[in-house]
Amino acid sequence: MSGGRSFIVGGHEIAAPPLDPGLYIVATPIGNLGDITIRALETLAACDVLACEDTRVTRRLLDRYAIKAKPVAYHEHNADTAGPKLIATLQAGKTVALVSDAGTPLVSDPGYRLVATARDEGIRVIPIPGASATLAALAASGLPSDDFRFIGFLPQKDQARRTRLADFIHEPSTLIAFESPNRLQATLSAVADIFGPDRMVTVARELTKRFETIRTGKAGEIAERFAEETVKGEIVLLIAPQPQGETEWTPDRTDALLRDLLASMSVSKAAKEAASVTGLSKSDLYARLLDLKDEK
C-alpha cells in the first residue's frame, strides 16, 4: 500500500503520511502497548531513521503495529559516536525519530544532548507527546497535583540519598522520583525520618501493566508495609508537600537528621548544614550533635 511506510491497527493497514524534516521526540507506552497515539505510529512508520535505547525493546512495539522500520541504538554508552551520525542525517534534510524504552524521551536518557545539538544547528525539533510515568502516577496518587517537581533518580548510596532528600525539606510542591525495587524500603525509611512518619507518600509500581499497584499512605506505615514485601518492577515515588500548620522539626526528626549528617561530616559542618535545612539555632544543634556523638 505505502512502500512499507505504514502501520496496522485493528487489522487495518494505514499509510503513514510523509514527515517534514526534523528531529521527532516520540513518547512510547510505559507498559501497555495500547497506550500509543496515532500520531506516534505515523511518525515511527514514516521516519527515515528511528533511534532508540534498546533495539530489542523498541522492536516489540514495532512488531505489535507491523511497522517495518529498523531501529538503531542511541544510548548513554554510544551517544558520543551515534549522536553526530544522527545530526548528519538531519542536516541532510532527513527525518529522525527518537524514542526511549518507555515513556517520554529525555527524562532519563541522553536525548537532551541530541536535542540541544539539533537546536544549535538550526534543526527543527518536534515533540510527539504521549505516555509519562510521572504524570500517570501523579494523576492516580491523590496527592496535590497543581504544583509538582520531578527530581529524577535518587542517589544509590543511603547517606547521599538522605542528604538529597533533605534538600527538599522546604519544597512546597509534590515531589516525584524514580526508585529501584531493591532500594525502595530504605528510601521510604529515609522519607519517614526526614519528612516525618506522617508525611503522605505514594508508591506507584508497574504502571499500566498487569500487576500495577498504587499505594498512598503515611510514610512510616508505607515503609513498614514494604519492609515485609518482595518488590519488583519499575517504581515512581511521590512525596506530598508539607501540610499547612504542620510542626516541621520535632526533636525526633531533628535527631534523625543530625545522625544522618554525623555519618558523613564533622560536628561543625553538620551543625551548619542542619541549621540551613531546619532554620534552628546552629549553637543548639551543635550542642545536640555533641550529645549524639557521645551516645555512639
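A brief look at the structure comes next. (Residues numbered from 1 in each chain as written. Predicted model: local features only at pLDDT ≥ 70, side-chain atom pairs only at ≥ 80, totals over all residues. Heavy atoms only, no water.)

**A closer look at the packing of helix α10 (residues 267-278) against helix α11 (residues 282-295)**
Rules: Working convention: axes come from line fits to C-alpha atoms, limited for helices to the stretch in contact. Angles between N-to-C directions cover 0 to 180 degrees. Secondary structure counts use DSSP, requiring at least four H or I residues in a row for a helix and at least two E residues in a row for a strand, with both numbered from the N terminus. Relative orientations are named as follows: roughly parallel for angles under 35 degrees, roughly antiparallel for angles over 145 degrees, roughly perpendicular for angles from 65 to 115 degrees, and oblique for any other angle. The sense of a crossing depends on the near helix, which, turned anticlockwise from the far helix by less than a right angle, makes the crossing left-handed and, turned clockwise, makes it right-handed. Any two residues having at least one pair of non-hydrogen atoms within 4.5 Å are treated as being in contact.
Between α10 and α11, the shortest axis-to-axis distance is 9 Å and the interhelical angle comes to 130°. Here α10 lies oblique to α11, going by the angle between them. The crossing of α10 and α11 is right-handed. When α10 is examined against α11, the residues V267, S268, A270, A271, K272, A274, A275 and T278 are found in contact with a partner set consisting of K282, L285, Y286, L289, L290 and K293.

**Observations concerning the sheet that holds strand β6 (residues 95-98)**
For clarity, the threshold we go by: Strand pairing is assigned whenever DSSP identifies at least 2 bridges connecting the two strands.
With respect to topology, five strands assemble into an open sheet ordered β5-β4-β6-β3-β7, the strand pairing being parallel. Of all the strands in the sheet, just β5 (72-73) and β7 (125-128) have a single pairing partner and so form its edges. Its contacts with the sheet place helix α2 (residues 55-64) against β4 (49-52) and β5, and it is angled at close to 125° to β4.

**Quick look at the layout of surface pockets**
Applied cut-off: Using a 1 Å grid laid over the protein atoms alone, points where a 1.4 Å probe fits but cannot get out form a cavity; open sets with protein on both sides within 12 Å along at least 5 of 7 lines form a pocket; any residue with an atom within 4 Å of a point counts as lining. Grid points are joined across faces, edges and corners, and a volume is the space filled by probe spheres set on the points. Each residue gets one label: Ala, Val, Leu, Ile, Met, Phe, Trp, Tyr, Cys and Pro are nonpolar, Asp, Glu, Lys and Arg are charged, and the others, such as Gly, are polar.
The space that makes up the largest pocket amounts to roughly 840 Å³. In terms of lining residues, the largest pocket is bounded by 36 residues, among which I30, D101, A102, G103 and E234 are the most central. Contributing elements (two or more residues each) for the lining of the largest pocket: α2, α5 (133-141), β9 (174-179) and β12 (235-239). Considering each element in turn, the lining of the largest pocket owes the most residues, four residues, to α2. Counted by class, the lining of the largest pocket contains 16 nonpolar, 11 polar and nine charged residues.

**Some thoughts on the pattern of salt bridges**
Where we set the bar: Salt bridge, as applied in this entry: a Lys or Arg side-chain nitrogen positioned within 4 Å of an Asp or Glu carboxyl oxygen. Exposure categories follow from relative accessible area, calculated using a 1.4 Å probe and restricted to protein chains: below 20% of the type maximum is buried, above 50% is exposed, and the middle band is partly exposed.
This structure, assessed with the given rule, holds 16 salt bridges. Measuring nitrogen to oxygen at the nearest pair gives 2.9 Å for the salt bridge that ties E171 to R149. Of the two residues, E171 sits in the loop between α6 (158-166) and β9 while R149 sits in strand β8 (residues 148-153), which places them 22 residues apart along the sequence. One salt bridge connects R161 with D158, and the closest N-O pair in it is separated by 3.3 Å. Of this pair, R161 and D158 both sit in helix α6, separated by three residues, roughly a single helical turn. With a relative accessible area of 2%, R161 lands in the buried category.

**What to know about α5**
Put simply, the rule reads: Taking the helix axis as origin, the arc is that swept by the directions to the C-beta atoms.
Buried within α5 we find A133, T134, A137, L138 and S141. All buried residues of α5 lie within an arc of 130° about the axis, which places them on one face of the element. Buried residues along α5 sit in contact with β8, β9, β10 (200-205), β11 (213-218) and β12. Positive backbone phi, approximately 85°, marks G142, located one or two places after α5.

**Concerning the sheet that holds β10**
On the basis of which strands lie adjacent, the open sheet formed by five strands has the order β8-β9-β12-β10-β11 and mixed pairing. Where the open sheet ends on each side, the last strands, each with one partner, are β8 and β11. Across this sheet, the average inter-strand angle for adjacent strands is 15°, counted without regard to direction. Strand contacts of helix α7 (residues 184-195): β9, β10 and β12, with the helix running at about 5° to β12, the strand carrying the most contacts. This element, helix α8 (residues 219-227), spans β10 and β11 of the sheet and lies at about 135° to β11.

Such coordinate-based values are descriptive only and should not be taken to indicate function.
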